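Structural overview
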Amino acid sequence: MLSMLKVRLNRLQRIALYILCPAMNSPETPCIRPMTEADLDAVLLIEKSSFPLPWKREHFLHEIGAPHSYPFVAELDGKIAGYVCLMSLFEEAQILDIAVAADQRGSGIGRLLMEKSFDVALEKGAEVMALEVRESSAPAIGLYQALGFKRVGIRANYYESRENAVLMEITIKEKT
Ligand SMILES: CC(C)(COP(=O)(O)OP(=O)(O)OC[C@H]1O[C@@H](n2cnc3c(N)ncnc32)[C@H](O)[C@@H]1OP(=O)(O)O)[C@@H](O)C(=O)NCCC(=O)NCCS
């Protein structure tokens, strides 16, 4: 009985994902869709291999359920290739977390996730998007600069009390 219910739930999940991600059968087109609890094993693998202090499952569960949080995954050929956690409240949006699987980096997925975040933040009424990034994360800083973010400050020794955080911002209202 329980296994029949599981099969039925899995089928329903697949149908729901297909509706959210009609292009998911195309191997070349990443689909950006809302993160669900079923994505978390894959998301956590990427998270652990991307950050020295990775977020735990509870962090992502919180983002999935929080009213002003908008976590998205990029799905490529049925696999999670990356994700972004956006928070948007009144006029300010923040990127809380973003990562792309190591073997998928450099193919435009980070940019797609950020562009989705711009669209959603604008739709929710945000005017500015902010984030903080490790000073040593050259690929991330490169991505943000390529999108038009500017450095607006430094938080000294913010990460593990020894690495600076670079604060970056972009006025998204002017982007449209
Ligand atoms: C940062 C990260 C999300 C970028 O994702 P990605 O899918 O590789 O990025 P994209 O392929 O979309 O690249 C978009 C732009 O970012 C910049 N960029 C990407 N990789 C870069 C690198 N290694 N060095 C410098 N700039 C880079 C480029 O301007 C690039 O545009 P281009 O391809 O036209 O030159 C990815 O490197 C990652 O997951 N890093 C580990 C986690 C992390 O540091 N997250 C940021 C937390 S603040």
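Note that the structure is a prediction, hence the values are computed from the model and not measured.

Attention now moves to the pairing of strand β7 (residues 163-171). One ladder, built from seven bridges, connects strand β5 (residues 128-134) with β7; its direction is antiparallel. Directly across from Ala 130, in β7, lies its bridge partner Glu 169. Examined bridge by bridge, strand β6 (residues 150-159) and β7 share six bridges and lie antiparallel to one another. Pairing of Lys 150 across the sheet is with Glu 169, part of β7. Here β6 folds back onto β7, and the loop between the two strands holds three residues, one of which, Glu 160, carries a positive phi near 50 degrees.

Take the site of the ligand next. Neighbouring the ligand are 19 residues; Arg 105, Gly 110, Gly 142, Leu 143 and Ala 146 lie closest to it. Put simply, the parts of the chain that give the shell around the ligand at least two residues each are β4 (92-100), α4 (109-123) and α5 (138-147). The element best represented in the shell around the ligand is α5, accounting for six residues.

Structurally, the position occupied by Asp 41 is in helix α2 (residues 40-50). Asp 41 sits in the exposed class, given 10 other C-beta atoms within 10 Å. A C-alpha to C-alpha distance of 8.4 Å links Asp 41 and Arg 57, two positions 16 residues apart in sequence.

What follows is about the nonpolar core. Grouped together as the largest cluster of nonpolar side chains are 39 residues, with contacts concentrated most on Phe 72, Ala 74, Tyr 83, Val 84, Leu 86 and Leu 113. When residues of this core are traced back to their parent elements, those giving at least two are β1 (31-34), α2, β2 (69-76), β3 (79-89), β4, α4, β5 and β7. By residue number, the principal contributor to this core is β3, which donates seven residues. Apart from the residues within four sequence positions on either side, Ala 74 is in contact with Pro 30, Ile 32, Ala 81, Gly 82, Tyr 83, Ile 109, Leu 112 and Leu 113.

Counting buried positions along β4 yields seven of nine residues, so the element is predominantly enclosed. Between β3 and β4, which follow one another and run antiparallel, lie two residues, and Phe 90 among them has a positive phi close to 50 degrees. Where β4 and β5 come together, three bridges link them in parallel fashion. Bridged to Glu 92 within β5 is Val 128.

Basis of the calculations
Residues numbered from 1 in each chain as written. Predicted model: local features only at pLDDT ≥ 70, side-chain atom pairs only at ≥ 80, totals over all residues. Pairing = 2+ DSSP bridges. Helix = DSSP H or I, 4+ residues; strand = E, 2+ residues; numbered from the N terminus. Near = placed C-beta within 6 Å. Buried ≥ 20, exposed ≤ 12 C-beta atoms within 10 Å, placed from the backbone. Core = buried A, V, L, I, M, F, W, Y, C linked by C-beta atoms within 7 Å. Contact = placed C-beta atoms within 7 Å.

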